[in-house]
Each structure stands twice: as C-alpha cells, then as structure tokens.
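Fold and contact review
The primary structure of each chain is shown beneath.
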Amino acid sequence: MFCFLQVFCVLFSAALVSLGIPNEFFETGNAFFGLISLVPLFIAISRSKSYRMSFFLGFIHAGVTHLFSSYWLKNFHGFAIFTLGASLIGTAFIEGFVFLIMHYAYSSQKNDFLSSSEKFSPYNIAVKIFWGPAVYVIYEWCKSNGFLGYPWGTVSMSAVSSRYIVQIADITGAYGITFLFALVSSCIAWGIILLKGNFSITYSKDIFCYKNTVLFLASIFTVSLCYGFFKYHEHVQPVKNINTVMVQHNQDTYSANEES
C-alpha cells in the first residue's frame, strides 16, 4: 500500500511540475503550481525505506516529468527514440542517482543519518527541510549542464509567470529560484508529516524548530519579492540599440517534396 501511495505522489508531483512550467494551458507557466509541485515528492521520499526505493521514485519522477513536459520531442521523425526516449532515460537515471543523496537524510530507518530524533536535535527538522531543496537543485544542475544537458522542465521556469519573484535570477541564477520554490514545497511537506506525529520522541522541539524555519522562509520570500518589485520598476537606460531581422520558414521540414 505504501509503495502504491508513494508512486501516486511522485506521479502527482510530476504533473504539477509540468503544469508549472510554460505549457499549452499556461503559456507563461504557473508559479502556484511551481511552489507546491514538489510537496508530494518530498512526502514520498520521506516514506522511502531503502536507497533502492528512493532511486526508483526519483527515476519515475524525472521520467514522467520529462514525458509530460517534452512530449513534443516525439515529432522528430525517425529520431524520436533518441530525442524523447534516450533523453527520458538519461534524465530519469540522473534524478534516480541524485535521490540517493536525498535518502541519506530523509530515511525513516532509525540507524540512518538524521533519522533519529536524538541526533542533531533540535535542528533535525530544519536540516531535513533544507536538505531536499538542496538535493533537487543538484539534480537540476546535473540535468541542465554538460554535452548532454537538457535544461527544459526545471522548477524555476514556473517563476516566469511571476514578474517579481523571477527578478532574483540576476543574483542567484535560475537555481536560486528553484531552491526557493523547492524550499516552500519542503516546508509544506514536512508540516504535513509533522501533523501525523512522526517525531513523538522530541515532538515539541520539532514543532518549535519547524515554526522558526517557516518564519525564516517567510523572511527570505518577502525580501525576494521586495527586491523583485524594486528591480521590475527600476528605470533602465539602454546602452545601445540594434536592428535585427528574424526569419522562419513556414514549410513542413519533413515534407518529401522540397518544391512545395
């Protein structure tokens, strides 16, 4: 039952990420979906009982997200097995391996690092809340860079619809936006987990630490919005102007008749 629910949460998260980035329904993306897109994923990983399961959940999440957000790659006639199939498998393996790191802190087994409430208390919850977004940023960096890098489908793309929050990219880059959005999801996810009383040994300390972490997140988010508001309305003087022409043909690239 738990395995089924974990897979469902991962699939739900993949759908939310895909709805958050620019798509047919939201042309500039949807920041709200981006903010909550990783909540089901973090909950699913927190329930993982083994490194193998965490790898499997990461593999499924990346694969389905890639399929939903990049299905149009199938239109490369004769090459879809590479453009969509190979890129899907490659992206899925990247997230699967990176999520082994996430399991290191998220594991619910008592003998694992950070799993016991007696270790790193009273900062146990805070470390876990920040651990997930940090690992997810590592995943997005790995999938977006290098010779085979594919930077489409990242959580930061959902911020395009928010003209203020996206402004922090000139300081943090796209990965800073991903971390901020993932941190919101992480706080919500661990709030839901705490409501179920999973940390009964030092539950009151965990709640206190969680509240302080949420306040810290609220401060960061507020500062980011204020900075974005300032930058968006700041008058910018262009250094120079240039005239350009963009030309795109309107013929079917795969048409056998080149004279059509």
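Every value quoted in this text rests on a predicted model; they were computed, and no experiment measured them. (Residues numbered from 1 in each chain as written. Predicted model: local features only at pLDDT ≥ 70, side-chain atom pairs only at ≥ 80, totals over all residues. Heavy atoms only, no water.)

1. Quick notes on the overall build of the protein chain
The test is simple: Helix and strand assignments come from DSSP, with helices taken as H or I runs of at least 4 residues and strands as E runs of at least 2, each series counted from the N terminus. Only protein chains enter the accessibility calculation, which uses a 1.4 Å probe; a residue whose area is less than 20% of its type maximum is buried, one above 50% is exposed, and one in between is partly exposed. Here, residues are in contact when the closest pair of their heavy atoms is within 4.5 Å. Per-residue accessibility takes into account occlusion by the displayed protein chains alone, with areas from the Shrake-Rupley method and a 1.4 Å probe.
Along its length, the protein chain carries 9 helices and 0 strands. Among the 260 residues that make up the protein chain, the fraction classed as buried is 42%. Of the contacts made within the protein chain by residues no fewer than 6 positions apart, 70% connect residues no fewer than 24 positions apart. For the protein chain, the exposed surface amounts to about 14,900 Å²; the carbon and sulfur share of it is 68%.

2. Observations regarding the side chain of T178
What counts, and what does not: What qualifies as a polar contact is a pair of N or O atoms within 3.5 Å, subject to a donor-acceptor requirement within protein and to the restriction that residues adjacent in sequence count only when both atoms come from side chains.
Note on placement: T178 falls in helix α8 (residues 174-195). On the basis of relative accessibility, which here comes to 0%, the residue T178 falls in the buried class. At 2.7 Å, the side chain of T178 forms a polar contact with the side chain of E140. In contact with T178, not counting residues within four places along its chain, are Y136, V137, E140, V155 and S156.

3. Describing the nonpolar core
Stated formally: Here, the term nonpolar core denotes a set of buried Ala, Val, Leu, Ile, Met, Phe, Trp, Tyr and Cys residues that are joined through side-chain atoms within 4.5 Å.
In terms of nonpolar packing, the biggest core is built from 42 residues, with L38 and F181 touching the most fellow members. Of all the secondary-structure elements, those providing two or more residues to this core are α1 (2-20), α2 (31-36), α3 (39-46), α4 (51-69), α5 (80-106), α6 (124-144), α8 and α9 (203-232). Looking at which element gives the most residues to this core, the answer is α8, with 11 residues. Discounting chain neighbours no more than four positions away, the residues touching L38 are S13, V17, H61, Y136, V155, A182 and S185.

4. So, the confidence of the model for the protein chain
Worth spelling out the cut-off: For every residue, the predictor assigns a confidence score, pLDDT, that lies between 0 and 100.
Residues of the protein chain with pLDDT of at least 70 account for 87%, and the chain-wide mean is 85. Across the protein chain, element-level confidence peaks in α2 with a mean pLDDT of 95 and bottoms out in α5 with 88. Every residue in residues 108-120 scores below 50 in pLDDT, and together they form 30 contacts with partners more than four places removed in sequence or on other chains.

5. Regarding the packing of aromatic side chains
Each aromatic ring pair is specified by the distance between its two centres and by the angle formed by the two planes. Our working definition: Working definition: a ring pair exists when centres of Phe, Tyr or Trp rings (six-membered ring for Trp) sit within 6.5 Å. Plane angles under 30 degrees give stacked, over 60 give edge-to-face, the rest tilted.
For the structure on display, the rule yields 14 aromatic pairs. Ring centres of Y136 and Y139 lie 5.3 Å apart, and the angle between their planes is 65°; on these two criteria the pair is classed as edge-to-face. Here Y136 and its partner Y139 are both found in helix α6, 3 residues apart, which amounts to about one turn of the helix. Its relative accessible area of 1% is what places Y136 among the buried residues. For Y139, a relative accessible area of 4% translates into the label buried. Taken together, the ring pairs connect F55, F59, F93 and F97 into an aromatic cluster.

6. Focus: a nonpolar patch on the surface
Convention followed: Two distance rules govern patches: like charges are joined within 9 Å, and nonpolar side chains (Val, Leu, Ile, Met, Phe, Trp, Tyr) within 5 Å, applied only to residues with over 30% relative accessible area and no salt bridge. Whenever Lys or Arg places a side-chain nitrogen within 4 Å of a carboxyl oxygen from Asp or Glu, that contact is recorded as a salt bridge.
Residues Y71, W72, F76, F79, I81 and F82 make up a contiguous nonpolar surface patch of roughly 650 Å² in combined accessible area. With respect to the helices and strands, the residue F76 is situated in the loop between α4 and α5. On the basis of relative accessibility, which here comes to 36%, the residue F76 falls in the partly exposed class.

7. Some points on the environment of Y175
As for its position among the elements, Y175 is in helix α8. Y175 sits 37 residues away from I138 along the chain, and the two C-alpha atoms are 8.9 Å apart. In contact with Y175, other than residues within four places in its own chain, are V137, E140, W141, S144 and N145.

8. Details of the packing of α3 against α5
Put simply, the rule is: Helix axes use the C-alpha atoms of the stretch in contact, all axes being lines fitted to C-alpha atoms, and the angles between their N-to-C directions lie in the range 0 to 180 degrees. The hand of a helix crossing depends on one turn: near helix anticlockwise from the far one by less than a right angle means left-handed, and clockwise means right-handed. Polar here means any residue other than Ala, Val, Leu, Ile, Met, Phe, Trp, Tyr, Cys and Pro, which are nonpolar, and Asp, Glu, Lys and Arg, which are charged; Gly is therefore polar.
Between α3 and α5, the least distance of the axes is 10 Å, while the angle of their chain directions is 65°. Where α3 crosses over α5, the two elements pack in a sense that is right-handed. Of α5, the residues touching α3 (which contributes L41, F42, I45 and S46) are E95, F99, M102 and Y106. For the contact of α3 with α5, the per-class residue count stands at 6 nonpolar, 1 polar and 1 charged.

9. A closer look at the packing of α3 against α8
Worth spelling out the cut-off: For classification, angles of less than 35 degrees are called roughly parallel, those exceeding 145 degrees roughly antiparallel, those between 65 and 115 degrees roughly perpendicular, and all remaining angles oblique.
Where α3 meets α8, the axes come as close as 8 Å, and the angle between the chain directions of the two elements is 50°. Between α3 and α8, the crossing angle belongs to the class labelled oblique. Along this stretch, α3 crosses α8, giving a crossing that reads as right-handed. Only A182, S185, S186, I188, A189, W190, I192 and I193 of α8 make contact with α3, whose side of the interface consists of V39, F42, I43 and S46. Split into classes, the residues belonging to the contact of α3 with α8 amount to 9 nonpolar, 3 polar and no charged.

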